[in-house]
Amino acid sequence: MGTTSEEGYERGLGSRQVQMIAIGGAIGVGLFMKAGANIAKAGPSIILMYALAGVVIFFIMRALGELLLYRPVTGSFSEYAREFLGPFFGYVTGWTYWLMWVVTGMAELTAAAIYIHFWFPSIPQWVSALVFLVVLFGVNLISVKIFGEVEFWFSMIKVTAIIGMIVIGLGVLTLGFSDAGDTASVSNLWSHHGVFPNGIGDSLMTLQGVMFAYLAVELVGVTAGESEDPEKTLPKAINTLPWRILIFYVGALLVLLSVVKWTEFSAGESPFVHAFSVIGIPFAAGIVNFVVLTAALSSCNSGMYSTGRMLRDLAANGEAPASLGKLSARKTPAVGITLSVALMGIGVVLNYLVPEKAFEYVTSVATAAGIWAWAMILVSHIRYRSAVRAGRLRASSFPAPGGAIFSWVALIFLIFVTGLIAYDKDARISLYVGAGWAVCLAIGWAVLKSRGPRAADAAPEREYAAR
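Quick caveat: nothing in here was measured; it's all calculated off a predicted structure.

S.K.: Which parts of the structure should I look at to understand helix H6 (residues 87-119)?
M.R.: Taking 1.5 Å of rise per residue, 33 residues should cover 48 Å, and H6 covers 49 Å from first to last C-alpha, within 8% of that figure. Counting buried positions along H6 gives 26 out of 33 residues, so the element sits mostly inside the fold.

Following this line, the structure appears as structure tokens:
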């Protein structure tokens, strides 16, 4: 039986589960499905874009890692924003990260229902979405151990699929077997109009889509309060991130674009499905459809997990109703999870009313919300390092290389990506949604400040320097 953290959670996530949650967080629908559109736009240079974004993600995760080992808490992003930037930023970060996962949960339920439609076209899309919602809701209510075990196997399927694709692709390249053997060559990476066939500008415009693919990699930080041994498991999970990016993104794309020339990929089709089809593997579409279904369910499962923890952290700081801060007898934030799942149920309604548009309707805000969470991690880290240099706080046992320098670099990069989103007329809607959300948060904060006693300032000051 697991121990209990200072927040009341059961420390039920072992090293095996934390490691696989970290791996799974770096592999999602953004790779399995969205990469096709990015390849069609950027050609072979998409590999460089994923590598560049991966370096920045590593900077973000090392900044988060230093904060987590300074003070491991489940509400990590909002807690650090609250401590280093003030209550308002903690409030905004907590609610924004919660919204990101609720919206992502709707999108993933919709995606999962679409994938089921591939095999069972007679089943209404909303029925599949509802079944998945109820099953994952039950998983998250039972215990954190069950959540961790389900996520472990979801991630294992994704990892196995990508490794299998890489091994098969290398076999085609070196041994020349299969239908693709005659045309497969590493020279495909530069032979068809160069590495940047559509220009550097078009390649850079794919960065917003690439960053979407990395959303959820920060989820390992939310597990901090429920990890059995955060001092060991969290640094290991974060330090292996470069290898995961190198293998599962850069490696997989290198092999894909060597086996099949980039001009054959298109938006709306999984590049993995297409590559398997060209190689001549039987039932390729069905195999990849199962893997992508797993990826969608994994993301939704993680969303339910994180939303409950974020709501409890907000409630503990007087920024959400107190009932959302209660733990069940099984040490799970059942009330918060239930509220989040109820709102995710809007996705089921959309699947009933407008099944052909549901996915498009619920994905516009995810990237902007994710960028905000990453930015808050970086700014909090910069402020933390300043406090350490001034002797006000103790140093973390897991310092980020380069101190705050790389956090500044990553922050500038995120601002650049936000500019790309604003420039793209199709992606710009996410900023409009973000502006509307900001207005809602401002109104909510004004209501909190107007209460007596002031709920927004209700959380007691905490001193962590002595810990």
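S.K.: Please clarify how the side chain of Thr 93 should be interpreted in this entry.
M.R.: Among the secondary structure elements, Thr 93 is positioned in helix H6. Judged by its relative accessible area of 1%, Thr 93 is buried. Polar contacts involving the side chain of Thr 93 include one to the main-chain carbonyl oxygen of Phe 89, which spans 2.7 Å. Residues within four places of Thr 93 in sequence aside, it is in contact with Phe 77, Ser 78, Ala 81, Trp 372 and Met 376.

S.K.: I'm lost on the nonpolar core in this one. Help?
M.R.: Of all hydrophobic cores here, the largest spans 137 residues; its most connected members are Ile 46, Tyr 50, Ile 57, Ile 60, Trp 95, Tyr 214 and Trp 374. Not counting the four nearest positions on each side in its chain, Ile 57 is found in contact with Met 211, Tyr 214, Val 217, Leu 241 and Trp 374.

S.K.: Where do I start with the environment of Asp 182 in this structure?
M.R.: Structurally, Asp 182 is set in the loop between helix H8 (144-175) and helix H9 (200-205). The exposure class of Asp 182 is exposed, given its relative accessible area of 78%.

S.K.: Please clarify how the pattern of salt bridges should be interpreted in this entry.
M.R.: Opposite charge on two side chains allows them to pair when their charged atoms are near. All told, the structure shown has six salt bridges when counted by the stated rule. The shortest N-O distance in the salt bridge between Arg 82 and Glu 79 comes to 2.5 Å. Placement of both Arg 82 and Glu 79 in helix H5 (residues 76-85) is noted, with a separation of three residues, approximately one turn of the helix. We classify Arg 82 as buried; its relative accessible area is 9%. Judged by its relative accessible area of 4%, Glu 79 is buried. In this structure, a network of salt bridges that share partners links the residues Arg 71, Glu 79, Arg 82, Glu 83, Asp 313 and Glu 319.

S.K.: Mind showing me how you'd approach unusual backbone geometry here?
M.R.: Negative phi characterises most residues that are not glycine, and trans characterises most peptide bonds. Within the chain, His 193 stands out as a residue other than glycine whose phi angle is a positive 70°. Locating His 193 in the fold gives a position in the loop between H8 and H9. The exposure class of His 193 is exposed, given its relative accessible area of 66%.

S.K.: I tried to follow the environment of Ala 320 on my own but got confused; where do I start?
M.R.: Within the secondary structure, Ala 320 is located in the loop between helix H14 (284-316) and helix H15 (334-353). What makes Ala 320 buried here is its relative accessible area of 13%.

S.K.: What is the right way to read a nonpolar patch on the surface from this model?
M.R.: Where nonpolar side chains cluster on the molecular surface, the patch consists of Leu 48, Val 186, Trp 190, Val 195, Phe 196 and Ile 200 and spans about 550 Å² of accessible area. Positionally, Trp 190 belongs in the loop between H8 and H9.

S.K.: Before we go on, may I ask you to explain helix H17 (residues 366-389) in this structure?
M.R.: Each α-helix turn comprises 3.6 residues. Residues three or four places apart therefore point the same way. For H17, built from 24 residues, the straight-helix expectation of 34 Å at 1.5 Å per residue is met to within 8% by its first-to-last C-alpha distance of 35 Å. Taken across its 24 residues, H17 has 17 buried, putting it largely inside the fold. The positive-phi residue at the C-terminal boundary of H17 is Gly 391, with phi of around 80°.

Rules behind the numbers
Along each chain, residue indices are assigned from 1 in the same order as the chain's sequence is written. Local features are withheld for residues below a pLDDT of 70 in this predicted model, meaning they are given only at 70 or higher, and side-chain atom pairs are given and counted only at 80 or more; totals for whole chains, interfaces and linings count all residues. With hydrogens and water set aside, each side-chain value is computed from the structure's full complement of heavy atoms. Helical segments are the DSSP runs of H or I of at least four residues, strand segments are the runs of E of at least two, and each set is numbered from the N terminus. By definition here, a helix of n residues has an expected span of 1.5 Å times n minus one. To sort residues, take the accessible area from a 1.4 Å probe on protein chains only and compare it with the maximum for the residue type: under 20% means buried, over 50% means exposed, and anything in between is partly exposed. Polar contacts, as counted here, are pairs of nitrogen or oxygen atoms within 3.5 Å of one another; within protein the pair requires one atom able to donate a hydrogen and one able to accept it, and residues that are adjacent in sequence qualify only if both atoms are side-chain atoms. Whether two residues touch is decided by their heavy atoms; if any such pair falls within 4.5 Å, the residues are in contact. Only buried Ala, Val, Leu, Ile, Met, Phe, Trp, Tyr and Cys residues count toward a nonpolar core, and they belong to the same one when joined by side-chain atoms within 4.5 Å. Within this document, salt bridges are pairs made up of a side-chain nitrogen of Lys or Arg and a carboxyl oxygen of Asp or Glu, the two lying within 4 Å of each other. Like charges are joined within 9 Å and nonpolar side chains (Val, Leu, Ile, Met, Phe, Trp, Tyr) within 5 Å, but only among residues with over 30% relative accessible area and no salt bridge; these make up the patches. With residues, only the protein chains shown are counted as cover, and all accessible areas are computed by Shrake-Rupley using a 1.4 Å probe.

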